[in-house]
Amino acid sequence: MEIPVERKTLRMSWDLPLDRKVYEEIGKVMVEILPALEKVEVADSEGAVLELRLTEGQEEEIKKLRDRLKYINVWFEGEEDPEEIEMKRLERLFGKKRNT
């Protein structure tokens, strides 16, 4: 039986200067996505654009990991709002709750 696989573009971004905490989070994400990595579109000192071939379970694991990150943003291009991801990350980093 073949496992359904879907191509997705994953974007990662972070602020400069890079420090140990940023590198640690980048490493955690890379360990999670390496089995699914198909192509590196762009990678520089402020982020990366990666093409992945994911099963549904892998996508959910990346999202769960992202919800624990404080120093980098990770989102699926065209599916998620990067500004919303950034706001949630800042809430985790500074411990503030948004008023809704």
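Above this text sits the structure in question.
Each value, and the rule that gives it
Residues numbered from 1 in each chain as written. Predicted model: local features only at pLDDT ≥ 70, side-chain atom pairs only at ≥ 80, totals over all residues. Heavy atoms only, no water. Helix = DSSP H or I, 4+ residues; strand = E, 2+ residues; numbered from the N terminus. Rg over C-alpha atoms; globule rule 2.2 N^0.38 Å. Buried < 20%, exposed > 50% of the residue type's maximum accessible area, 1.4 Å probe, protein only. Contact = heavy atoms within 4.5 Å. Core = buried A, V, L, I, M, F, W, Y, C linked by side-chain atoms within 4.5 Å. Pairing = 2+ DSSP bridges. Phe/Tyr/Trp six-rings, centres within 6.5 Å; stacked < 30°, edge-to-face > 60°. Lys NZ or Arg CZ within 6 Å of the ring centre and 35° of its normal.

Glancing now at the overall build of the protein. When its secondary structure is counted, the protein shows three helices and four strands. Moving toward the C terminus, one meets the helices and strands of the protein in the order β-α-β-β-α-β-α. Taking 100 residues into account, the globule formula puts the C-alpha radius of gyration at 13 Å, and the protein, at 14 Å, falls close to it. Considered along the principal axes of its C-alpha atoms, the protein spans approximately 45 × 35 × 20 Å. Each of the 100 residues in the protein was classed as buried or not, and the buried ones make up 33%. Here the analysis covers contacts within the protein between residues at least 6 apart in sequence; of these, 58% occur between residues at least 24 apart.

In terms of nonpolar packing, the biggest core is built from 18 residues, with Leu10, Met12, Val29, Leu52, Ile62, Ile72 and Val74 touching the most fellow members. Contributions of two or more residues to this core are made by strand 1 (6-14), helix 1 (20-33), strand 3 (47-54), helix 2 (56-66) and strand 4 (72-76). In this structure valine 74 touches Leu10, Arg11, Met12, Val29, Ile62, Arg66, Leu69 and Ile85, once residues within four positions along its chain are discounted.

Counting buried positions along strand 3 gives seven out of eight residues, so the element sits mostly inside the fold. Bridging between strand 1 and strand 3 involves eight bridges; their strand directions are antiparallel. Following the sheet pairing, arginine 11 is matched in strand 3 by valine 49. Bridge count for strand 2 (residues 37-44) against strand 3 is six bridges, and the pairing is antiparallel. Note on strand 3: the bridge partner recorded for alanine 43 is alanine 48. Taking the residues between adjacent antiparallel strands as the criterion, strand 2 and strand 3 are bridged by two residues.

So, on to the packing of aromatic side chains. Across all of its chains, the model carries zero aromatic pairs by this definition. Seen from the ring of phenylalanine 76, lysine 8 lies directly overhead, with NZ or CZ sitting 5.9 Å from the centre.

Note the cis peptide between leucine 16 and proline 17, where omega equals 0°. Mapping proline 17 onto the fold places it in the loop between strand 1 and helix 1.

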